[in-house]
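Descriptive analysis of the structure
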Amino acid sequence: MKQTIIYSLFLTFTANIALAQDPFSTQLDELIIEKSKISKQSKSQNTIVLNDSLIENTTGTFTDFLQKNTSIYFKENGYGMVSSPAFRGTTAQQTGVLWNGIKINSALLGQTDFNSTSFKEYDNIVVKPGGGSILYGSGAIGGTIHLNNTLTFNKATENEIQLNYGSFNTQGIHYKISTGTEQFAVNAHFGYNKSDNDYEWLGKDQKNINGQFYNTSLGFEVAYKINSKNTIELYSATYNDDRHFALITPYQTKTKYQNNYYRNLLKWHYKASDFLNTFYVAYIKEQYNYFDQLPTNSKSGGNATTWYLKNESFYNVTNKLKFSGFLEYQKTTGEGENSSLPFSTQEIFAVSILGNYDLSSKTGFEIGLKNEVAKDYQNPFLFSAGYYFNSEKYQLKINSSKNYRIPTFNDLYWQPGGNLNLKPETSVQFDINNNFNYKILNINISTYYTSIKNMIRWVPTNTGLWEANNVDEVYILGAELSLDVQKTWNNHTLGGRVNYAYTRSIDKKIEKQLIYTPLHKFTAQLNYKYKNFSVVPSFLYIGKIYTTSSNDKASAINAYGVFDIDFSHYFNFKDFPFTINFKIKNIANTAYTNMPQRMMPGRNYHIQIIKKF
């Protein structure tokens, strides 16, 4: 292990050696965009940016938001219940989620529950399909989702408050403030959501029982410019929820789940001509309680605390050649309460390096390497390679990489069943992205192939107990199409957006589609705006989903389509301008489910008021 660390240190400091040998030949941009230079490495991969206006006008859960605006498929145990993504045919643990640059997937479970994640406080959300373990670490096999806050100096004070109310006694309030001076930039935000979630099950004589939930979030971000070379940023967020689990029959025992997290992140940015350095220190605490016999106080739970240190270095060797180096250290401790998770510690050290070379003003290539060391398992050596071509009307991006996912805390240490002999899941992926831009029309066509080995599953053993093991191998073939068009004339604007994803995610041993992975997903939105009024009809189609490994048709969930429509009007009153959104969801009152016996809501209505001052 000592030799590996020395070897890794040698790699990461290659960029710094180059810094000492070459004179600075170019000047970097202002600090406000320097931070994004490192995060925008990997030019050979596509990114999808969901901006603040899209976030602002959305009501409902984070799952609603991503389900409608991306090709990612989400499985929900009923509306507002546990939500798991299948990004490019992968599992929930193989989607990386990053908060302002650091990974926040649960240390205990390895995944993010998107119905237990607030999203209104972010200034933009970036979706990056494809493997990204070189840059983003464990779990970035199917893709990554980046939750970003933006801090701006010299910004006039802006306040925004949103109030919403809808069917099933659904209520929400969100408040944001942002301001800045020459030296300070400050954001603060608060959110509260609540719903009785007691909708009728269409076609059945039953309501959604025990489905109520509420959640609150609170956070702030502060940046302080020490001088022209140094800036410090502090990010802090806290979240808690109380979510009952809906019953399939009225005779089941009622249960609920409480989830809390605290995140604190300190960044120090340093720039010197062609050299940039960002140092991260993060402290994350997650904790849950599961109440198994309501209304009694019988419960079990667990918690995990993570310290995370990271250093990013970015160096312009010449106008054409750029290097980035990354050093990371993570220590997680966790234990259960009235559960079978003993006190355990996980430590990971990683080093990676990424280089870009521009062959011309339009084209170039990049190569990345990563090595990671952990005390309880052997991690693979990772690589990435890509080619990019950019012109005004056409972009080509080709990328290949080896990626991985480490065993979770529960996979390793839960007793009985935790397995210290587990190997990380590994994958090799190859994807080609074609982007066409022609006046009012943008088209993206992506095709990809992914092969995954050593997938971790909890399977029964000869003793009758369940144990974590490396059992599955999977290959995934897929294609994605997105199309955006917008035309403006006089006071009219007409736009449209279409996303289609074709995903064959196959278990190699039995040559069957993975469960809860639709072969087809399609979304479409039209947007018509006249002066201060707009209307946005949208459609979501999910193809047939298998719920058994044998792809038994009798237990499959049929394909379904759901129509929504949003109306919006900006009232330009002199002393009190504001916006009202009125939304009708599932306007055709379609009966559908994406888990067996877990009915989703029929037609429902929501109204939202947005006031900025």
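Summary of the structure given here. No experiment lies behind these values; they were computed from the predicted model shown.

Calculation notes
- Residues numbered from 1 in each chain as written.
- Predicted model: local features only at pLDDT ≥ 70, side-chain atom pairs only at ≥ 80, totals over all residues.
- Heavy atoms only, no water.
- Helix = DSSP H or I, 4+ residues; strand = E, 2+ residues; numbered from the N terminus.
- Contact = heavy atoms within 4.5 Å.
- Areas by Shrake-Rupley, 256 points an atom, 1.4 Å probe, with all protein chains shown as cover.
- Lys, Arg positive; Asp, Glu negative; His and termini not counted.
- Charge placed at Lys NZ, Arg CZ, Asp CG, Glu CD.
- Polar contact = N/O pair within 3.5 Å; in protein donor to acceptor, adjacent residues only side chain to side chain.
- Pairing = 2+ DSSP bridges.
- Salt bridge = Lys/Arg side-chain N within 4 Å of Asp/Glu carboxyl O.
- Buried < 20%, exposed > 50% of the residue type's maximum accessible area, 1.4 Å probe, protein only.
- Phe/Tyr/Trp six-rings, centres within 6.5 Å; stacked < 30°, edge-to-face > 60°.
- Patch = residues over 30% accessible without salt bridge, like charges linked within 9 Å, V, L, I, M, F, W, Y side chains within 5 Å.

This part takes up the overall build of the protein. Counting its secondary structure elements, the protein contains 7 helices and 30 strands. On the principal axes, the C-alpha backbone points of the protein span a range of 75 × 75 × 45 Å. For the protein, the share of sequence-separated contacts (at least 6 apart) that also reach a separation of at least 24 residues comes to 62%. Total accessible area on the protein is roughly 27,000 Å²; 58% of this is exposed by carbon and sulfur atoms. Charge-centre separation for the protein: the mean point of 59 positive side chains lies 4 Å from the mean point of 49 negative side chains.

Quick look at the environment of lysine 256 now. Assignment of secondary structure puts lysine 256 in strand β13 (residues 255-272). Remark: the alpha-carbon pair of lysine 256 and asparagine 289, spanning 33 residues in sequence, is separated by 8.4 Å. Each residue touching lysine 256, except ones within four places of it in the same chain, is listed here: Asp242, Arg243, His244, Phe245, Asn289, Tyr290, Phe291 and Leu294. Polar side-chain contacts of lysine 256 include one of 3.0 Å to the side chain of aspartate 242.

Further remarks concern the sheet that holds strand β4 (residues 95-99). The 5 strands lie next to each other as β1-β6-β7-β4-β5, forming an open sheet whose pairing is mixed. Edge positions in the sheet fall to β1 (48-50) and β5 (102-103), since each of these pairs with one other strand and no more. In this sheet, strand β6 (residues 124-129) lies alongside β1 in antiparallel orientation, the contact comprising 3 bridges. Considered in β6, the bridge of isoleucine 48 is made with valine 127.

Here we take up the pattern of salt bridges. If you walk through the whole model with that rule in mind, you get 17 salt bridges. Among the ionic pairs, aspartate 358 bridges to lysine 43, the shortest N-O distance being 3.8 Å. Here aspartate 358 is found in strand β17 (residues 344-358), whereas its partner lysine 43 is found in the loop between α3 (31-39) and β1, with 315 residues between them in sequence. A relative accessible area of 14% means that aspartate 358 is categorised as buried. Residues arginine 497 and aspartate 484 are paired through a salt bridge, measuring 3.5 Å at the closest nitrogen-oxygen approach. In this pair, arginine 497 is assigned in strand β24 (residues 492-507) and aspartate 484 in strand β23 (residues 466-489), connecting sequence segments 13 residues apart. Residue aspartate 484 is classed as partly exposed on the basis of its relative accessible area of 31%. Residues participating in the shared-partner salt-bridge network are Lys43, Lys322 and Asp358.

A few words now on the packing of aromatic side chains. Counted according to the given criterion, the structure contains 25 aromatic pairs. On the basis of an interplanar angle of 5° and a centroid distance of 5.2 Å, the ring pair of phenylalanine 62 and phenylalanine 119 is categorised as stacked. Of the two residues, phenylalanine 62 sits in helix α5 (residues 62-69) while phenylalanine 119 sits in the loop between β5 and β6, which places them 57 residues apart along the sequence. Of the two residues, phenylalanine 62 and phenylalanine 119, both sit in the buried class. Considering the side-chain rings of phenylalanine 571 and phenylalanine 578, the 5.2 Å spacing of their centres and the 20° angle between planes classify their relative orientation as stacked.

To continue, consider unusual backbone geometry. Geometrically, the link from leucine 294 to proline 295 is a cis peptide bond, its omega value of 10° lying close to zero. Locating proline 295 in the fold gives a position in the loop between β14 (275-291) and β15 (299-316). Even without being a glycine, asparagine 586 presents a positive backbone phi close to 50°. In this fold, asparagine 586 is placed in the loop between β29 (578-585) and β30 (604-612). Despite not being glycine, glutamine 597 shows a phi value in the positive range, around 65°.

With 11 bridges connecting them, β24 and strand β26 (residues 520-530) associate as antiparallel partners. For glycine 496, the partnering residue across the bridge sits in β26 and is leucine 526. Pairing geometry for β26 and strand β27 (residues 533-542), over 8 bridges, is antiparallel. Bridge pairing in β27 places tyrosine 530 opposite phenylalanine 533.

Moving on, we get to the side chain of lysine 322. Assignment of secondary structure puts lysine 322 in strand β16 (residues 321-337). At 3.3 Å, the side chain of lysine 322 forms a polar contact with the backbone oxygen of asparagine 319. Other than its neighbours up to four places away in sequence, lysine 322 contacts Phe314, Tyr315, Asn316, Val317, Leu354, Gly355, Asn356 and Asp358.

What follows concerns the environment of alanine 92. With respect to the helices and strands, alanine 92 occurs in the loop between β3 (83-86) and β4. Here the alpha-carbon distance between alanine 92 and glycine 110, two residues 18 residues apart in the chain, equals 8.1 Å. Excluding residues that lie within four positions of it along the chain, alanine 92 makes contacts with Ser84, Pro85 and Gln111.

This paragraph deals with a nonpolar patch on the surface. Together, Phe184, Val186, Phe220, Tyr224, Ile226, Ile232, Leu234, Leu266, Trp268, Phe279 and Leu309 make up an exposed nonpolar region whose accessible area comes to about 860 Å². Of all the secondary structure elements, the ones that give two or more residues to the nonpolar patch are β10 (184-195), β11 (213-225), β12 (230-245) and β13. If you trace the backbone, tryptophan 268 turns up in strand β13.

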